[in-house]
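Fold and contact review
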Amino acid sequence: MPDLNRAAWRRCRPPLPLAVLSLALLHAHGAWAQEADLDAPLVLKRTPQLMEVIPENLRGRMPSFVDGDRITGQPDLGTIVEGNAMLRRGDTLIRADRLEYYQPEDRARATGNVHVNHAGNIYEGPELELRLETFEGFFNRVRYEFLANGGRGDAERIDFIDSNVSVARRATYTTCRPEDYPGWMPAWLLKARTITADTEENVGVATNAQITFMGISTPPFPSLSFPLSNDRKTGVLPPVIGIDSVNGVELTVPYYWNIAPNRDATLYPTLMSKRGINLGTEFRYLEPTYSGEIRADYMPEDKLRDRDRWGIWTHHEQRFDAKSLGLDSLTGSLSINRVSDDDYWRDFTRTPSLTQRLLANDGILRWSSGDWSGMARALSYQTLQYAPSPILPPYDRLPQITADYNKFDWNGFDFSLNTDYSRFRGPSPALQQQLNGFVQPDGERVFGLATLSRPFLTPGTFVIPKMLLNATAYQFDAPLLTNGATSATRVVPTFSLDSGMIFERDANYFGRAFRQTLEPRAFYVYTPYRNQNDLPNYDSAANDFSFATVYTENAFSGNDRISDSNLLTLGVTSRLIDPDTGAEAARFGVAQRLRFADQLVTLPGGQPVTDRFSDILLGAQINWTPKWSVDGTVQYNPDEHNSTRTAISARYSPGPYRTISAAYRYQADTTTTSNDGSKSIDIGWQWPINDLWGDYGKDLGPGRGQGGGRWYAVGRLNYSLQDSKLTDGVLGFEYDGCCWIGRVVVERITTGQVTASTRIMFQLELVGFASVGSSPARTLTQNIQRYTPLRQPGLAPSRYSNYD
């Protein structure tokens, strides 16, 4: 190692990135140690971070490093390196048997076993000529591999236009990793006259191209483009082909428009052999203060229904400048969901609507300032009626205005005030009379709820007395049919007392240590009776009997019914907690209500509750390990000695791409004395079929194995036990061949009491290149609990991961 003195080092040192500076420090350490205090410890100094992408203005200032067995040449003119030659500058490395570098032209010529690493992309061949700063030149008879997606191939010649763009002539391309055995051929291969690769845009364009898959070749394409990474790009997407029992053969040719990093649009015209052409579009946007998406479908003439069909679905979120208005926050949202007709939900079952037959159109403006908050809202519904199973639409709120005040720990008290003004618009009186026989007029409602509580808390106990005052006033557009009134008022007080204790102990079960708790709880509520039979019901419904509602004051949701109550709820919960992590391994609970007086307030058509003892609520949740869990709730009637409702679910997920879930649900029919009711089982799974013959692949994920691929079974089945039929189902298989994925999925969706639609979806995905066929990914993700796609976008690899 040559000696360097400090003065000489300062004269020749240019600005260096961290990697080069570290190398220089190693070379110069010996000389520095001579002048420094040998007893002083080495101190690391801050340096710039490694640059993933070197800016163009720094490329000409990067230092060059040359190494080899024999080096000859003239200063500032040329250098010849023979034997293990190496030249490195910035993100470019050249290795060869012989290397010639001409400094005035910044041109390198390499011959014999040439290896180039440019920002992690590898090129190998016999002959190279290249300008280092601009990365212009050519490479003859070259093999190449791209870092971003593992794409590789060979070419008769590659012309480097600049550091980002290259043109490969008479080239091949694939993402299949080569196997080490004679006669290996990639599962799929692209052959083209030219392949232009733009690593900045991450797009490849092939001309006069032909794709071969498993020995079967396509006709030549004049031109086609493909991604070099997971980034989005503008262009025609692969066609989507499917077979539907209602629509017939479906053919979609999507076009994706990458408008900007924060905006994009997709156009997807679809030809349905039994219906016609459906024109669809989707637009997404994301800005600092607002975001949203818009989707619209239009079918000019549906041959099955003999009319035009359309649908529109939008969602927008907005954040306003609240400080100028003296508010802490001001946000808004707008959702529009509309379709052309009542049959849309049955004919087009895969729309973005969260509900099939109740389409909400909702605009909300929310605000907050200190302890105050509120909103202004307009909500209306489009109800899609179906003659065999009509539904009563909910009431529109045009408008709804709320204001809430919350003050916590106010001299030991918690106080809240909730106010609500709503104007309700409902279905026609004829439809009300037809569906439930109770006709009520449209009207306005002003509601207020004041709550005052005083929590008494200790580490092991809590006692929370609470007073509530509920006041409501109505104004009707027409007289009530029950008493002829055009207005009404109601004031209802409530007192509740919530109390409980928490005991802890160390326990050991099945050889595992736990912190076990015992948490008894008593909740008493008293609300005097107020006759509310003549009041309309705009938004109230009976609360579900569950652990989430059993310790609440009101037996109804909404604000039109306040239940009279004189009852005590007793319950106890026990939890097993891992003392090291704090994770809850198990929870067991039981609760029951003791009623001291009949509950007289009911919903229209309902009957008073006279049982002194409610059903017993039993619940358990076990998460013994992250691999499996069990969750169950049973509502047991002690008088009838049977269950009125049962829900039990279990999940087993020992690792990625391995999950099985099952659920059993039973709901008794309370209108009869028989044990009939709704019974169903639901089973979902994703599992490697290779496990059946011992190929567990514990260390291999999708696309990581060499040689043979892996089969996966996926599906979900929802079966009605009382009807003895499959209501909904998804069943399919996936095959991961490392550089390609094949999927076949059959989906069945119930669209009526006796009707259902069936769809067959298939997909061939050439990994890192394109997909052909309908994409079942959304179907599998929505239906199968914890389904994991075989390919998930990840962070782009660093060029330092392939640094040699």
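Quantities reported herein were computed from a predicted structural model and do not represent experimental measurements.

**Focus: the overall build of the protein chain**
Counting its secondary structure elements, the protein chain contains six helices and 47 strands. Considering the protein chain as a whole, with its 804 residues, one finds that 41% of them fall into the buried category. In the protein chain, the share of contacts with a sequence separation of at least 24, taken over all contacts with a separation of at least 6, comes to 49%. When the accessible area of the protein chain is evaluated, it comes to approximately 43000 Å², of which 57% is carbon and sulfur surface.

**Focus: the packing of aromatic side chains**
Scanning all chains against the criterion turns up 26 aromatic pairs. Taking the centre distance of 6.5 Å and the plane angle of 40° together, the rings of Phe146 and Tyr173 count as tilted. Of this pair, Phe146 sits in the loop between strand S7 (136–145) and strand S8 (152–160) while Tyr173 sits in strand S9 (residues 165–173); the two residues are 27 residues apart in sequence, bridging distant segments of the chain. Plain terms: the ring middles of Tyr474 and Tyr538 are 6.4 Å apart, the flat faces sit at 45° to each other, and that makes the pair tilted. Within this pair, whereas Tyr474 is found in strand S30 (residues 461–476), its partner Tyr538 is found in the loop between strand S33 (512–527) and strand S34 (541–542), the two being separated by 64 residues in sequence. Residues Tyr474 and Tyr538 agree in their burial class; the two are buried. Taken together, the ring pairs in this structure connect Tyr144, Phe146, Tyr173, Trp188 and Phe226 into an aromatic cluster. The residue whose ring lies beneath Arg275 is Phe348, and the NZ or CZ to ring-centre distance is 5.1 Å. Sitting above the plane of the Phe456 ring, Arg454 keeps its charged end 4.5 Å from the centroid.

**Details of the side chain of Gln516**
Tracing the backbone shows Gln516 in strand S33. Within the structure, the side chain of Gln516 is placed 3.0 Å from the side chain of Tyr509, a separation counted as a polar contact. Once residues lying within four places of it in the same chain are set aside, the contact partners of Gln516 are Phe503, Glu504, Arg505, Ala507, Tyr509, Ser574, Arg575 and Leu576.

**Topic: the confidence of the model for the protein chain**
Per-residue confidence for the protein chain averages 85 on the pLDDT scale, and 89% of its residues sit at or above 70. When the criterion is pLDDT under 50, residues 1–37 qualifies, and its contacts beyond four places in sequence or with other chains add up to 29 contacts. With pLDDT under 50 throughout, residues 698–707 is counted as low confidence; its partners more than four residues away or in other chains account for 19 contacts.

**Quick look at the pattern of salt bridges**
All told, the structure shown has 46 salt bridges when counted by the stated rule. For Asp341, the salt bridge goes to Arg307, with nearest N and O atoms at 3.3 Å. Taken as a pair, Asp341 in the loop between strand S23 (329–339) and helix H4 (344–347) and Arg307 in strand S22 (residues 307–319) lie far apart in primary sequence, 34 residues in all. Classification of Arg307 by relative accessible area gives partly exposed; the value is 31%. In this structure, Glu553 engages Lys466 in a salt bridge whose closest nitrogen and oxygen atoms are separated by 3.6 Å.

**Structural notes on the environment of Ala322**
Tracing the backbone shows Ala322 in the loop between S22 and S23. When residues no more than four places from it in sequence are discounted, the contact partners of Ala322 are Leu327, Asp328, Ser329 and Leu330.

**Brief notes about the state of the cysteines**
In a disulfide, the sulfur atoms of two cysteines are covalently bonded to one another. For the structure shown, the criterion picks out one disulfide. Paired by a disulfide, Cys176 and Cys739 hold their sulfur atoms 1.9 Å apart. Looking along the S-S bond of the Cys176-Cys739 disulfide, the torsion reads about 65°, which is the right-handed sense. Note that Cys176 is positioned in the loop between S9 and strand S10 (188–198) and Cys739 in the loop between strand S44 (725–736) and strand S45 (740–750), a separation of 563 residues in sequence.

**Things to note about the nonpolar core**
Of all hydrophobic cores here, the largest spans 44 residues; its most connected members are Tyr173, Leu190 and Ile195. The element best represented in this core is S10, accounting for five residues. In terms of nonpolar packing, the next biggest core, distinct from the first, is built from ten residues, Met299, Trp313, Val339 and Leu359 among them.

**With respect to the environment of Ala260**
For Ala260, the location among the structural elements is in strand S17 (residues 255–260). A relative accessible area of 16% places Ala260 in the buried class. Spatially, the C-alpha atoms of Ala260 and Leu286 are 9.9 Å apart, while their sequence positions differ by 26 residues.

**Re the side chain of Ser496**
Position of Ser496 relative to the elements: it lies in strand S31 (residues 487–501). Given the relative accessible area of 1%, Ser496 is considered buried. Of note is the side chain of Ser496, whose polar atom sits 3.0 Å from the side chain of Glu553.

**With respect to a nonpolar patch on the surface**
A grouping of Val236, Leu251, Val253, Tyr255, Trp257, Ile259, Leu267, Leu271, Ile277, Leu279, Tyr298 and Trp310 is seen on the molecular surface, where their side chains present a nonpolar patch of about 1100 Å² in accessible area. Breaking the nonpolar patch down by element, the ones donating at least two residues are S17 and strand S20 (276–286). When residues of the nonpolar patch are assigned to their parent elements, the largest contribution, three residues, is made by S17. Tracing the backbone shows Leu267 in strand S18 (residues 263–267).

**Quick look at the pairing of S23**
Summarising the sheet, S22 and S23 pair through nine bridges and their orientation is antiparallel. Note on S23: the bridge partner recorded for Thr314 is Ile336. Pairing analysis gives seven bridges linking S23 to strand S24 (residues 358–369), with the strands arranged antiparallel. Directly across from Ser329, in S24, lies its bridge partner Ser368.

**Observations regarding the pairing of strand S6 (residues 121–131)**
Alignment of strand S5 (residues 107–118) against S6, held across ten bridges, turns out to be antiparallel. Residue Ala108 lies in a different strand from S6, and its bridge partner there is Leu130. What sits between the antiparallel neighbours S5 and S6 is a turn of two residues, in which Ala119 has the positive phi angle 55°. When S6 meets S7, the two strands line up antiparallel, connected through eight bridges. Bridging from a neighbouring strand, Leu130 pairs with Gly137 of S7. Between the antiparallel neighbours S6 and S7 lie four residues, among them Phe135 with a positive phi of about 55°.

**Some thoughts on a negative patch on the surface**
Together, Glu136, Asp162, Glu200 and Glu201 give the surface a local cluster of negative charge. For Glu136, the location among the structural elements is in strand S7.

**Describing unusual backbone geometry**
Omega for the peptide link from Leu398 to Pro399 comes to 0°, which places this bond in the cis form. Note on placement: Pro399 falls in strand S26 (residues 396–410). One non-glycine residue, Met214, lies in the positive phi region at around 50°. Following the sequence through the fold, Met214 ends up in the loop between strand S11 (203–213) and strand S12 (216–217).

Rules behind the numbers
- Residues numbered from 1 in each chain as written.
- Predicted model: local features only at pLDDT ≥ 70, side-chain atom pairs only at ≥ 80, totals over all residues.
- Heavy atoms only, no water.
- Helix = DSSP H or I, 4+ residues; strand = E, 2+ residues; numbered from the N terminus.
- Buried < 20%, exposed > 50% of the residue type's maximum accessible area, 1.4 Å probe, protein only.
- Contact = heavy atoms within 4.5 Å.
- Areas by Shrake-Rupley, 256 points an atom, 1.4 Å probe, with all protein chains shown as cover.
- Phe/Tyr/Trp six-rings, centres within 6.5 Å; stacked < 30°, edge-to-face > 60°.
- Lys NZ or Arg CZ within 6 Å of the ring centre and 35° of its normal.
- Polar contact = N/O pair within 3.5 Å; in protein donor to acceptor, adjacent residues only side chain to side chain.
- pLDDT = per-residue confidence, 0-100.
- Salt bridge = Lys/Arg side-chain N within 4 Å of Asp/Glu carboxyl O.
- Disulfide = S-S within 2.5 Å.
- Core = buried A, V, L, I, M, F, W, Y, C linked by side-chain atoms within 4.5 Å.
- Patch = residues over 30% accessible without salt bridge, like charges linked within 9 Å, V, L, I, M, F, W, Y side chains within 5 Å.
- Pairing = 2+ DSSP bridges.
- Lys, Arg positive; Asp, Glu negative; His and termini not counted.
- Charge placed at Lys NZ, Arg CZ, Asp CG, Glu CD.

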